[in-house]
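Analysis of the macromolecular model
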Amino acid sequence: MGAVDWDRRLFDALIPLPDGTTYNAYLVEGSEKTVLLDTVDPPKADELLKQLDGVPKIDYIISHHAEQDHSGSIPIVLNRFPEAKVITTPKAKSMLIDLLKLPEDIVKTVDDGEILSLGNKTLKFIHTPWVHWPETMVTYLEENRILFSCDFFGSHIATTDLFVTDQGRVYEAAKRYFAEIMMPFRNIIEKNLDKLKEYDIQMIAPSHGQIYDHPEWIMEAYRNWVTGTPKNLVVLPFISMHGSTRQLVDHLVSALVGHGVRVELFNLAVTDIGKLAMALVDAATVVVGAPTVLAGPHPLVAYATLLANALRPRVKYLSIIGSYGWGGKTVETLAGMIPNLKVEVIEPFLCKGVPSEASFIALDKMAATIAQKHKENDFK
Ligand code: FEO
């Protein structure tokens, strides 16, 4: 069940959705009890209600995650099925009460590993915090070996396909989703992946995107994004106002490529911030190209730097290049914006005005240093 949101282009007023998204809900009918797993974003509630026409009863609504794209229509479903109880984690209970004003007595909490029998079907609730908020859980349907994972393993793609049909496309969308939603919680996600090892999972049914009927590859991809080593890749987000920083950027890119280092370049004036987030999943080094404006970094560079700090990628090295007109505190300001990144800083390079031969020599040195660091770490 659920809804396809073909038109949506932004999530949380922050995350670009170039391919729209879906809000998936699932109905499991046992011989004795019927449960609805999650709902849909409230503007799509009518679509869900239409699908529930003819369903005689719902005993429980399972809320895996309190964020409103999944929980927001619970009050509307409860209007139709007033006898239903809501099942969720203890942490989510207070969130659902805060966010949806649900009456406390209809929300039942389940412990990690608790089981609910529907008669001939059995649900096991597995607490998986931080996929994507601290209260999240997933549900394993034992008889069918299906994992209902909510945001975990999700992807933002609007489509009429129920199952994954184009693995390459879903890989890209799932990686974008991981970068934007899950990457900040990498360490806890690793523990959640370990926790799922004991289950025979034949199918993963997330609440965004298609169902994985061959789930091994997406679990392996997550394992790699979470625990793998960074790649021999420099990510270079930049802004240039009058072309000087761009000259520095272009020279550094050539020098890095000459040393066998891959580079992904993002002009922040035009870039899709989700693409930048995806590149950060793999990057070993970030070099920020920042012109100085009003005595500090260009605001778009500051925005991207704040975002990178919040996403906590596994980046190992960082540097800053740029041009200034008369002075300022660009390097100090940017350095103060990345407390979450445990990086080694490679000496930044700023030049006054248009770059000179000396500027290019300094960038050649920076490129050689980065290449050497990547080699020492055996980044491939
Ligand atoms: Fe799809 Fe965190 O909500």
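What comes next concerns the included structure. Predicted model, so just to flag it, every value in this text is computed and none were measured.

1. Remarks on the packing of aromatic side chains
- The full count for this structure, using the stated rule, is 12 aromatic pairs.
- Here the aromatic rings of Tyr222 and Trp225 are separated by 5.5 Å at their centres, their planes lie at 50 degrees, and the arrangement is tilted. Here Tyr222 pairs with Trp225, and both are found in helix H7 (residues 216–227), just three residues apart, close to one helical turn. Here Tyr222 matches Trp225 in class, with each residue buried.
- Here the aromatic cluster, defined as three or more aromatic residues joined through ring pairs, consists of Phe152, Phe153, Tyr171, Phe178, Tyr212, Trp217, Tyr222 and Trp225.

2. Quick look at the layout of surface pockets
- Quantified by volume, the largest pocket comes out at close to 360 Å³.
- Taken together, 24 residues make up the lining of the largest pocket; nearest its centre are Met1, Asn24, Tyr26, Leu162 and Ile211.
- Secondary structure elements with two or more residues in the lining of the largest pocket: strand S1 (2–5), strand S4 (21–24), strand S5 (26–29), strand S13 (146–150) and strand S14 (203–206).
- Partitioned by chemical class, the residues of the lining of the largest pocket number 14 nonpolar, seven polar and three charged.

3. A few points about the sheet that holds strand S7 (residues 60–62)
- Spatially, S5-S6-S7-S8-S9 is the arrangement adopted by the five strands of the open sheet, whose pairing is mixed. Across the chains shown, the open sheet's two edge strands, defined by having one partner strand only, are S5 and strand S9 (107–109). With strand direction ignored, the average angle separating the axes of adjacent strands in the sheet is 25 degrees.
- Relative to strand S6 (residues 34–37), S5 runs antiparallel, the two being bridged by four bridges. Among the inter-strand pairings, Glu29 is bridged to a residue of S6, identified as Thr34.
- Sheet contacts for helix H4 (residues 90–100): strand S8 (85–88) and S9; angle to S8, the most-contacted strand, approximately 130 degrees.

4. Topic: the sheet that holds strand S11 (residues 122–127)
- If you walk across this open sheet you meet the five strands as S10-S11-S12-S13-S14, and the pairing is mixed. The sheet is open, and its two borders are formed by strand S10 (115–117) and S14, each paired with just one other strand. Pairs of neighbouring strands in the sheet enclose a mean axial angle of 25 degrees, with direction left out of account.
- Sheet topology note: the S13/S14 ladder contains four bridges and is parallel. Within the sheet, the bridge partner assigned to Leu147 lies in S14 and is Ile204.

5. Comments concerning empty space enclosed by the protein
- Scanning the model with the defined rule gives three cavities of 30 Å³ or more in all.
- Size it by volume and the largest cavity reaches roughly 120 Å³.
- Every residue lining the largest cavity is counted, 15 residues in all, and those nearest its centre are Val286, Val288, Ala304, Thr305 and Ala308.
- Considering every element that reaches the lining of the largest cavity, the biggest residue donor is helix H10 (residues 299–311), with four residues.
- Taken together, the residues that form the lining of the largest cavity break down as 14 nonpolar, one polar and no charged.
- Of the volumes computed, that of the second largest cavity is approximately 40 Å³.
- Elements supplying a minimum of two residues to the lining of the second largest cavity: strand S20 (317–324) and helix H11 (330–335).

6. Brief notes about the pairing of S5
- Alternating residues of S5 divide into Tyr26 and Val28, all buried, and Leu27 and Glu29, none buried.
- As consecutive antiparallel partners, S5 and S6 are separated by four residues.

7. Description of the side chain of Thr88
- By the secondary structure assignment, Thr88 is in strand S8.
- The contacts of Thr88, once residues within four sequence positions are left out, are Ser63, Lys93, Leu96, Val107, Lys108, Thr109, Val110 and Met137.

Criteria and thresholds
- Residues numbered from 1 in each chain as written.
- Predicted model: local features only at pLDDT ≥ 70, side-chain atom pairs only at ≥ 80, totals over all residues.
- Heavy atoms only, no water.
- Phe/Tyr/Trp six-rings, centres within 6.5 Å; stacked < 30°, edge-to-face > 60°.
- Helix = DSSP H or I, 4+ residues; strand = E, 2+ residues; numbered from the N terminus.
- Buried < 20%, exposed > 50% of the residue type's maximum accessible area, 1.4 Å probe, protein only.
- 1 Å grid on protein atoms, 1.4 Å probe; cavity = no way out; pocket = protein on both sides within 12 Å on 5 of 7 lines; lining within 4 Å.
- Points joined across faces, edges and corners; volume = space filled by probe spheres on them.
- Nonpolar A, V, L, I, M, F, W, Y, C, P; charged D, E, K, R; others polar.
- Pairing = 2+ DSSP bridges.
- Axes fitted to C-alpha atoms, helices over the stretch in contact; angles between N-to-C directions.
- Contact = heavy atoms within 4.5 Å.

None of the figures reported here should be taken as evidence of function without further support.
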